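Per-entry structural report
Here is how the chains run, residue by residue.
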Amino acid sequence: MTQRHILLFFISLFYVSIATSQIENDTIKIKEKYGIRIGVDVSKPIHSIFETESKGFEIVSDFRFLKNYYAAVELGVLDKTTNEDYINFTTKGSYFKVGINYNAYENWVGMNNEIYVGLRYGLSFFDQTLNNYTPNVKGTYFIAETLEPNMQFSDLTAHWVEFVFGMKVETFKNLYLGVSISFNNLISTTDPENFKNLYVPGFNRVFLNNTGVGFNYTLSYLIPIIKKNK
Amino acid sequence: MKKNLILMALLFLAILSCEKDDICIEDTTPNLVLRFYDNENQTEVKQITDLTVWAINYDSIYVNESLDSIAAPLDLNQNATTYILVNNLVNDTITFSYDRNDIFVSRSCGYKTTFDNMQIESNTTNWIKNININNTLIDNDTTAHITIFH
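Residues numbered from 1 in each chain as written. Chains lettered and ligands numbered in written order. Predicted model: local features only at pLDDT ≥ 70, side-chain atom pairs only at ≥ 80, totals over all residues.

1. Quick notes on the overall build of chain A
To keep things clear, this is the line we draw: Runs of H or I in DSSP of at least four residues are treated as helices and runs of E of at least two as strands, each being numbered from the N terminus. Neighbour density around each residue's C-beta defines its exposure: 20 or more other C-beta atoms within 10 Å make it buried, 12 or fewer make it exposed, and counts between make it partly exposed, where C-beta atoms are placed from the backbone. Any pair of residues counts as being in contact when their C-beta atoms, constructed from backbone geometry, are within 7 Å of one another.
A count of helices and strands for chain A gives 2 helices and 10 strands. Ordered by position from N to C terminus, the α and β elements of chain A give α-β-α-β-β-β-β-β-β-β-β-β. By residue count, 27% of the 230 residues in chain A fall in the buried class. A separation threshold of at least 6 residues defines the contact pool for chain A, and within that pool the share at least 24 residues apart is 62%.

2. Topic: unusual backbone geometry
Residues and elements named next belong to chain B. We note that N64 has phi near 45°; this positive angle belongs to a residue other than glycine. For N64, the position within the fold is in strand β3 (residues 60-67). Among the residues examined, N64 registers 11 C-beta atoms within 10 Å and is labelled exposed. In this structure, N117 takes a positive phi of about 55° despite not being glycine. Within the secondary structure layout, N117 lies in strand β7 (residues 110-123).

3. Here we look at the pairing of strand β2 (residues 54-64) of chain A
Residue and element names in this part refer to chain A. Condition: Two strands pair if DSSP finds at least two bridges between them.
Examined bridge by bridge, strand β1 (residues 31-41) and β2 share 5 bridges and lie antiparallel to one another. Opposite I38, over in β2, you have S61 as the bridge partner. Both β2 and strand β3 (residues 69-83) contribute to a ladder of 11 bridges, which runs antiparallel. Among the inter-strand pairings, I59 is bridged to a residue of β3, identified as L75. Where β2 hands over to β3, the hairpin turn is made up of 4 residues, counted between the paired strands.

4. Looking at the environment of Y121(A)
All names here are of chain A. Of note, Y121 is situated in strand β5 (residues 114-133). The exposure class assigned to Y121 is partly exposed, which follows from the 13 C-beta atoms found within 10 Å. Taking C-alpha positions, Y121 is 8.4 Å from F96, a pair spaced 25 residues apart along the chain. The contact partners of Y121, leaving out residues within four places of it in the chain, are K97, V98, G99 and V161.

5. Observations concerning the confidence of the model for chain B
The test is simple: One number per residue, pLDDT, summarises how confident the predictor is, and it ranges from 0 to 100.
On average, residues of chain B carry a pLDDT of 89, and 86% of them reach 70 or more. Interface predicted TM-score (ipTM) for the complex: 0.81; the corresponding pTM is 0.81.

6. Structural notes on the interface of chain A and chain B
Defined as follows: Residue polarity follows a fixed list, in which Ala, Val, Leu, Ile, Met, Phe, Trp, Tyr, Cys and Pro are nonpolar, Asp, Glu, Lys and Arg are charged, and the others, Gly among them, are polar.
Facing the 29 residues of chain A at the interface are 29 residues of chain B. Looking at the side of chain A that touches chain B, the elements with two or more residues in it are β5, β6 (151-172) and β10 (211-229) of chain A. Broken down by class, the residue content of the side of chain A that touches chain B amounts to 18 nonpolar, 6 polar and 5 charged.

7. Concerning the sheet that holds strand β4 (residues 69-72) of chain B
Note on sheets: strands pair through backbone hydrogen bonds, and any given pair is parallel or antiparallel. Residues and elements named next belong to chain B. To keep it simple, the criterion reads: Note on geometry: axes are C-alpha line fits, over the in-contact stretch for helices, and angles between N-to-C directions span 0 to 180 degrees.
Strand order across the open sheet formed by 4 strands is β4-β1-β9-β8, with mixed pairing between neighbours. Every other strand in the sheet has two partners, leaving β4 and β8 (130-133) as the edge strands with one partner each. The average undirected angle you get between the axes of adjacent strands in this sheet is 20°.

8. Notes on the environment of S106(B)
Among the secondary structure elements, S106(B) is positioned in strand β6 (residues 90-106). For the pair S106(B) and E26(B), spaced 80 residues apart in sequence, the C-alpha to C-alpha distance is 8.0 Å.

9. What to know about the sheet that holds strand β2 (residues 48-55) of chain B
Residue and element names in this part refer to chain B. Ordered in space as β3-β2-β5-β6-β7, the 5 strands form an open sheet in which the pairing is antiparallel. Two strands close off the open sheet at either side, each with one partner strand: β3 and β7. Strand-to-strand, the axes of this sheet are offset by a mean angle of 25°, without reference to chain direction.

10. Brief notes about the pairing of strand β1 (residues 32-37) of chain B
Residues and elements named next belong to chain B. The pairing of β1 with β4 spans 4 bridges and is antiparallel. Bridging across to β4, L34 finds its partner in I70. Pairing of β1 with strand β9 (residues 146-149) involves 4 bridges; the strand directions are parallel. The partner of L34 across the bridge, within β9, is I146.

Here it is in structure tokens:
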């Protein structure tokens, strides 16, 4: 009698284990999309409409190579005139940034959003044109005339590092809206003679201690290449 | 949460690290500094008791003042400036000639003009006995560039 009970117990255990394994086989597989995302910075063309002194365009792209890591690239061109109290100059050039983003956001099933931190290396090739300047003199005894040298400084370069913080939200299928802020630190730059790179394409305004800030508003499209199980 | 805190701290630091460079605090275009010495005892500073100074065609910069040195602006649109110095109602005229160089200072200050090859083009000697140029380069206004003996 007891032997039969023991046998039944083991048989039931066996069935339970089979039953649970069958449940596991039934689970829905969650697929995550991996691919290349390509987009544009929408703020720069909008800036160009309202500010005639600034014309810029930037293409952004990233590639998911690990679950939470993305390789990112930004390419851009800029033509911007800066007017200060005593100087007016035009910066014209192109830039390129490369780096990685780490997604710190834990998505719910089916969501593909990102809150990320990133690092970039930036490189820019540009020209500066000193359009005009007024020698700065304290007092109003002799008032300096504004000079228009239209002096062009060509073949200037700058490179820097950026710390990026941003987010991307999938609004429609594979279409992402992104916003990011970057804190830039200049590594080195070739300064023109008797002038300074006060604005660098991609880096933006160069502050006194060689720092800068950047904002990006992007619209990008994901081209899925592979779908992996989560 | 901890991650967020670190991020916030980094953001805060990054914002703090941006310096204000909108206000011009550096030295800009210098003035010409003239100092008055005794002609008899040439190491001795000699004050002028009633001094009036103006650049030709401009307003006075000093009127009936008692001084041993003056700071006179130089015309930064010309390569010469003529000053009239009146010592107790006696006039003397000095014309300074120079070259101008514009030196970049900073974003907010722009360029300053410095003056080089300072020369006395002409001068009258009614009360001024002698003029000495201490420094032909005028790039600051902390030391006297010209010594006038009277």
